[in-house]
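Listed below are the residues making up each chain.
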Amino acid sequence: MPGGVVHKLPEDLRKALVANPAALAAWKDITPLGRNEFICWVEDAKQQMTRERRVRRTQEELEEGQRRPCRQIRNGERRPLPAPPPDPMREMMEAARRIGSRWGRDARSKREGR
């Protein structure tokens, strides 16, 4: 059974995949990098209970058609990724545009190549 790029397939994950034909078919279909991410995610667990939960979740995610582990799952629910930090220059330009300052028009013109 294929493992990841860097990591070998752990025995507990191998047994779980062999016991689940749908998950095994999906496992064979994903890329070696995708398999490597699942293996790393399982092996990064510090407690045995967490590892067992991640093995179970790996089976479920493969059955759902996911090709990479979703690490934004906590207690069975998906959380959205955090928003990127605001761009201070863009905020300043928008404020200048709102008040109609000449600085805002000149800077915008330079940025847009006018």
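For clarity, every value in this text was computed on a predicted model and none was experimentally measured.

1. Regarding the packing of aromatic side chains
How two aromatic rings sit relative to each other is given by the distance of their centres and the angle of their planes. In total, this model carries 1 aromatic pair according to the counting rule given. Taking 6.3 Å as the distance between ring centres and 55° as the angle between the ring planes, the aromatic pair formed by W27 and F38 counts as tilted. You can see W27 sitting in helix α2 (residues 21-29) and its partner F38 sitting in helix α3 (residues 32-43), a full 11 residues away along the chain. In this structure W27 comes out as buried when scored by relative accessible area, which is 0%.

2. Looking at the environment of L9
Of note, L9 is situated in the segment before α1 (11-18). Separated by 26 residues in the primary sequence, L9 and R35 place their C-alpha atoms 8.8 Å from one another. The residues contacting L9, other than those within four sequence positions of it, are M1, P2, G3, R14, L17, W27 and I39.

3. Observations concerning the nonpolar core
Core analysis: the largest hydrophobic core is formed by 14 residues, its most contacted members being L9, L13, L17, W27 and L62. Those elements giving two or more residues to this core turn out to be α1, α2, α3 and α4 (48-63). Looking at this core, the element that brings in the most residues is α2, giving 4 residues. Among residues more than four places away in sequence, those in contact with L62 are L17, A23, A26, W27, I30 and F38.

4. Quick notes on the pattern of salt bridges
Under the definition given, this model contains 7 salt bridges. Here E37 and R68 are joined by a salt bridge, their closest N and O atoms 2.4 Å apart. Of this pair, E37 sits in helix α3 while R68 sits in the loop between α4 and β1 (73-74), and the two are 31 residues apart along the sequence. The exposure class assigned to E37 is partly exposed, which follows from its relative accessible area of 28%. In this structure, the salt-bridge partner of R57 is E64, at a minimum N-O distance of 4.0 Å. Three or more residues are tied together by salt bridges with common partners; here these are R57, E60, E61 and E64.

5. Focus on α4
Under the 1.5 Å per step criterion, the end-to-end length of α4 is 23 Å for 16 residues, consistent within 8% with the ideal 22 Å. Of the positions making up α4, those classed as buried are T50, R51, V55, R57, T58, Q59, E61 and L62. G65 sits one or two residues past α4 and shows a positive phi near 95°.

6. Concerning the confidence of the model for the protein chain
Summarising the model, the protein chain shows a mean pLDDT of 80, and 76% of its residues fall at 70 or more. Here β1 stands out as the element of the protein chain with the lowest mean pLDDT, 52, in contrast to α1, whose mean of 94 is the highest.

7. Overview of a nonpolar patch on the surface
On the surface, a nonpolar cluster with roughly 300 Å² of combined accessible area is contributed by V5, V6 and L33. Of note, V5 is situated in the segment before α1.

Cut-offs applied
Residues numbered from 1 in each chain as written. Predicted model: local features only at pLDDT ≥ 70, side-chain atom pairs only at ≥ 80, totals over all residues. Heavy atoms only, no water. Phe/Tyr/Trp six-rings, centres within 6.5 Å; stacked < 30°, edge-to-face > 60°. Helix = DSSP H or I, 4+ residues; strand = E, 2+ residues; numbered from the N terminus. Buried < 20%, exposed > 50% of the residue type's maximum accessible area, 1.4 Å probe, protein only. Contact = heavy atoms within 4.5 Å. Core = buried A, V, L, I, M, F, W, Y, C linked by side-chain atoms within 4.5 Å. Salt bridge = Lys/Arg side-chain N within 4 Å of Asp/Glu carboxyl O. Expected span 1.5 Å × (residues − 1). pLDDT = per-residue confidence, 0-100. Patch = residues over 30% accessible without salt bridge, like charges linked within 9 Å, V, L, I, M, F, W, Y side chains within 5 Å. Areas by Shrake-Rupley, 256 points an atom, 1.4 Å probe, with all protein chains shown as cover.

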